[in-house]
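Each chain, written out:
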Amino acid sequence: LVLAAVKQDWTALKEVPKEQLKAYWADADIVTEVVRQDPAKGLQKAEKSLLGLKSIILEAVSRNGDLLRLAADNLRGNREVVETAVGQCGTAIQYASEALRA
């Protein structure tokens, strides 16, 4: 039910009781839907462990390459993620791992 509401408008999460919100921000499907609508807000609110999920980060950086700065270190070194981010926003290269910047 919550996922269906979030697919329509991620701000539906504002109606969820605070004690339940943490669980929703740790749900990869819900965070993916929020990232599709508002990439920056989705990554900022997501449980930190989700910042290491390639699918979520790819979704975000394809819309706003600069969000590579919020990705887990392992994804900053992932060629596909970095190329997607830099393709969207050239300055995102500054957030790539040293190995990929070299």
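Conventions we followed
Residues numbered from 1 in each chain as written. Predicted model: local features only at pLDDT ≥ 70, side-chain atom pairs only at ≥ 80, totals over all residues. Heavy atoms only, no water. Core = buried A, V, L, I, M, F, W, Y, C linked by side-chain atoms within 4.5 Å. Buried < 20%, exposed > 50% of the residue type's maximum accessible area, 1.4 Å probe, protein only. Helix = DSSP H or I, 4+ residues; strand = E, 2+ residues; numbered from the N terminus. Contact = heavy atoms within 4.5 Å.

Asks: How should I be thinking about the nonpolar core in this particular structure?
Replies: A general feature of soluble globular proteins is that nonpolar side chains tend to end up buried together. If you look at the biggest cluster of nonpolar residues, it comprises 28 residues, and the most contacted ones within it are Leu13, Val31, Val34, Leu43, Ile57, Leu68 and Val81. Listed by contribution, the elements that provide at least two residues to this core are α3 (28-37), α5 (54-61) and α7 (79-88). The biggest single contributor to this core is α5, with five residues. Beyond its immediate stretch of four places on either side in the chain, Val34 contacts Val6, Trp10, Leu13, Trp25, Pro39 and Gly42.

Asks: Looking at this structure, I do not really get the side chain of Glu59. What am I missing?
Replies: As for its placement among the helices and strands, Glu59 is situated in helix α5. For Glu59, a relative accessible area of 16% corresponds to the buried category. Ignoring sequence-local partners within four residues, the contact set of Glu59 consists of Val35 and Arg36.

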